Amino acid sequence: MEGVVRHSVHTLVFRSLKRTHDMFLSEEGQPVAEDENSLHKKISCKVRDEYSCLQKVQLPTEAAGRIRNVPTAKSTGGPGAMVTHRQAYPSAPGVQLSTETSAPVEPLTSDMLQGVSHHGGHVSTGHSIADIVQQAGRAQSKEIMAVSNNQLIKRTAIVRPNWHAPWKLMRVISGHLGWVRCVTVDPSNTWFATGSGDRTIKIWELGSCKLKLSLTGHISSVRALAVSSRQPYLFSCGEDKQVKCWDLEMNKVVRHYHGHLSGVYDLSLHPTIDVLVTCGRDASARVWDMRTKACIHSLTGHTNTVACVKCQAANPQVITGSHDSTIRLWDLAAGKTKAVLTNHKKSVRSIVLHPSDFSFASASPDNIKQWKFPDGNFMQNLSGHQSIVNSLAVNQDGVLVSAADNGTLHFWDWKTGYNFQKQQTVAQPGSLDSEAGIFAATFDLSGCRLITAEADKTIKIYKEDEIATEESHPINWKADVLKRKRY
């Protein structure tokens, strides 16, 4: 026996293509035969779509007396003679319409019109062609008016940014011996606290910027602080896996919250219930009972470090951002994920909630993105940073501030995403150029002062320029409607 000749895949594929070509070569260029049943249903659907709105229209007796020359369905022989023919048309463009050049037209039978009566009832046979044309003209005019109104609304929906005064440096505070990693403001707006890489927490008077108190107890960098508006407590967390509760009346630690397996990077207090939420390098966020120190939930789902967490009274009550480039909205009662936002391409390091608008913003090296609660619908991108964005802050006037690792501060209009000011921080004398980074930023409760925590071991306070006007600092803004992305 002769051996089987083995061909390559390339040869076999081309042989199969040749057989297929030979098989269908005889039918090449021939039109596909129309199915009469499909054509019948197609025409029935078109008739139903065009004339179903006119099935219940009744002609007034006065109007029926005026229209005498137009033949009605009754005069032409019953219900089946209502609309039975389609208009003839020339067989080719530019050819004059005549009996020789007109293309054959099939009449519309009564069966094709049954879809209208089955759709909503019996079609009145007393309507003339003139009535149908008249009613169709009214409906078309209403549609045109509706479309024009929608177009007018869309054209006027472009919102111009509000004018905001530029911000300038007001004061520089030195006192920490390491990078200043976090800052928070007291609910009474009389003092603020900072945490540093020197393992200390310092409390400063907001008006005079004098040091009031230093708290020691952490054995590694302090990464986040929060002051309770319901009790005289200050909460802190750090890279030493510890979460501490400080009693500000006795100036000492009264509670520890144990459970995190690695460094704790952020914490947030629930505004209405005694609940504390922390997150860290163990890729989880933990919900603690503030009084009993019990871990209520361990919110797992992120695959990398959870860098930021925020709490609010309305659902979703917990929002987390992670280095796995996702944002998760959590159902606090069930302890489960409600939604996962995957629009970011790089790690999310900061989240800020708007004080009045039901929305929030997230910061990543690729973009700053704005989202709408409760489902996390994407709103718009804020682009311009060329570095890692470490912190976001927003005040009641709609000024959004983003602080980056290279020491740049960008000021945005929240509503439109217009970047009205860019500022570069200056490291204090004796610092390296690489120590110009900003780790945290927050507004005081009045929204008039901006406090930043920086890598040159200083705290800087910014305020609005009182001399600036709309004439001296005009808005240089153009609507980027076509450039706005959908994700």
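Predicted model only: the values in this text are computed from it and were never measured. (Residues numbered from 1 in each chain as written. Predicted model: local features only at pLDDT ≥ 70, side-chain atom pairs only at ≥ 80, totals over all residues. Heavy atoms only, no water.)

(A) The arrangement of the overall build of the protein in detail. Check the secondary structure of the protein and you find five helices and 28 strands. Surface summary for the protein: the accessible area is close to 27,300 Å², and the carbon and sulfur share equals 52%. (Helix = DSSP H or I, 4+ residues; strand = E, 2+ residues; numbered from the N terminus. Areas by Shrake-Rupley, 256 points an atom, 1.4 Å probe, with all protein chains shown as cover.)

(B) Here's a closer look at the sheet that holds strand S11 (residues 275-280). An order of S10-S11-S12-S13 is seen for the four strands of this open sheet, with the pairing classed as antiparallel. The two strands at the open ends of the sheet, each matched to only one other strand, are strand S10 (264-269) and strand S13 (295-300). Strand-to-strand, the axes of this sheet are offset by a mean angle of 20°, without reference to chain direction. (Pairing = 2+ DSSP bridges. Axes fitted to C-alpha atoms, helices over the stretch in contact; angles between N-to-C directions.)

(C) Seen up close, the sheet that holds strand S15 (residues 318-322). The strand order S14-S15-S16-S17 describes an open sheet built from four strands, whose pairing is antiparallel. At either margin of the open sheet sits one strand with a lone partner, and together these are strand S14 (306-311) and strand S17 (336-341). For this sheet, the mean inter-axis angle between neighbouring strands, taken without regard to orientation, is 25°.

(D) Inspection of the nonpolar core at higher detail. Among the nonpolar cores identified, the biggest contains 15 residues, and Trp 167, Val 399, Val 401, Leu 409, Phe 411, Phe 443 and Leu 450 are the most heavily contacted of them. Of all elements in the fold, only strand S23 (399-404), strand S24 (408-413) and strand S26 (438-443) reach the threshold of two or more residues within this core. When near neighbours in sequence (up to four residues on either side) are disregarded, Leu 409 contacts Val 401, Ser 402, Ala 403, Gln 421, Lys 422, Gln 423, Ile 438, Thr 452 and Tyr 462. Core analysis: the next-biggest nonpolar cluster, separate from the first, contains 14 residues, Tyr 233, Phe 235, Cys 237 and Tyr 257 among them. (Core = buried A, V, L, I, M, F, W, Y, C linked by side-chain atoms within 4.5 Å. Buried < 20%, exposed > 50% of the residue type's maximum accessible area, 1.4 Å probe, protein only. Contact = heavy atoms within 4.5 Å.)

(E) Highlighting a nonpolar patch on the surface. A surface patch of nonpolar side chains, amounting to about 410 Å² of accessible area, comprises Val 9, Val 13, Phe 14 and Leu 17. Within the secondary structure, Phe 14 sits in helix H1 (residues 9-24). (Patch = residues over 30% accessible without salt bridge, like charges linked within 9 Å, V, L, I, M, F, W, Y side chains within 5 Å. Salt bridge = Lys/Arg side-chain N within 4 Å of Asp/Glu carboxyl O.)

(F) Region of interest: the pattern of salt bridges. What the rule picks out here adds up to 11 salt bridges. Arg 223 is paired through a salt bridge with Glu 239; the nearest N and O atoms lie 2.7 Å apart. Of the two residues, Arg 223 is situated in strand S6 (residues 222-227) and Glu 239 in the loop between strand S7 (233-238) and strand S8 (243-247); the sequence distance between them amounts to 16 residues. A salt bridge links Arg 230 to Asp 274, with the shortest nitrogen-to-oxygen separation between them at 3.1 Å. With a gap of 44 residues between them, Arg 230 in the loop between S6 and S7 and Asp 274 in the loop between S10 and S11 connect regions that are remote in the sequence. On the accessibility criterion, Asp 274 (14% relative accessible area) is buried. Each of Arg 230, Asp 274 and Arg 291 takes part in one network of salt bridges that share partners.

(G) Summary view of helix H2 (residues 36-51). With 16 residues, H2 should cover 22 Å at 1.5 Å per step; its first-to-last C-alpha distance of 22 Å lies within 8% of that length. Along H2, the positions that sit buried rather than exposed are Ile 43, Ser 44 and Val 47. Down the axis of H2, the buried side of the element spans an arc of 105°, and every buried residue falls inside it. Pointing more than 90 degrees away from the buried face of H2 are the exposed residues Lys 41, Lys 46 and Asp 49. (Expected span 1.5 Å × (residues − 1). Arc of directions from axis to C-beta.)

(H) Region of the structure containing the confidence of the model for the protein. Here the protein averages 83 in pLDDT, while 76% of its residues score no lower than 70. Below pLDDT 50 for its whole length, residues 115-126 participates in 25 contacts with residues either more than four positions away or in separate chains. In this model, residues 150-156 is a region of pLDDT below 50 whose contacts with residues beyond four sequence positions or in other chains number zero contacts. (pLDDT = per-residue confidence, 0-100.)

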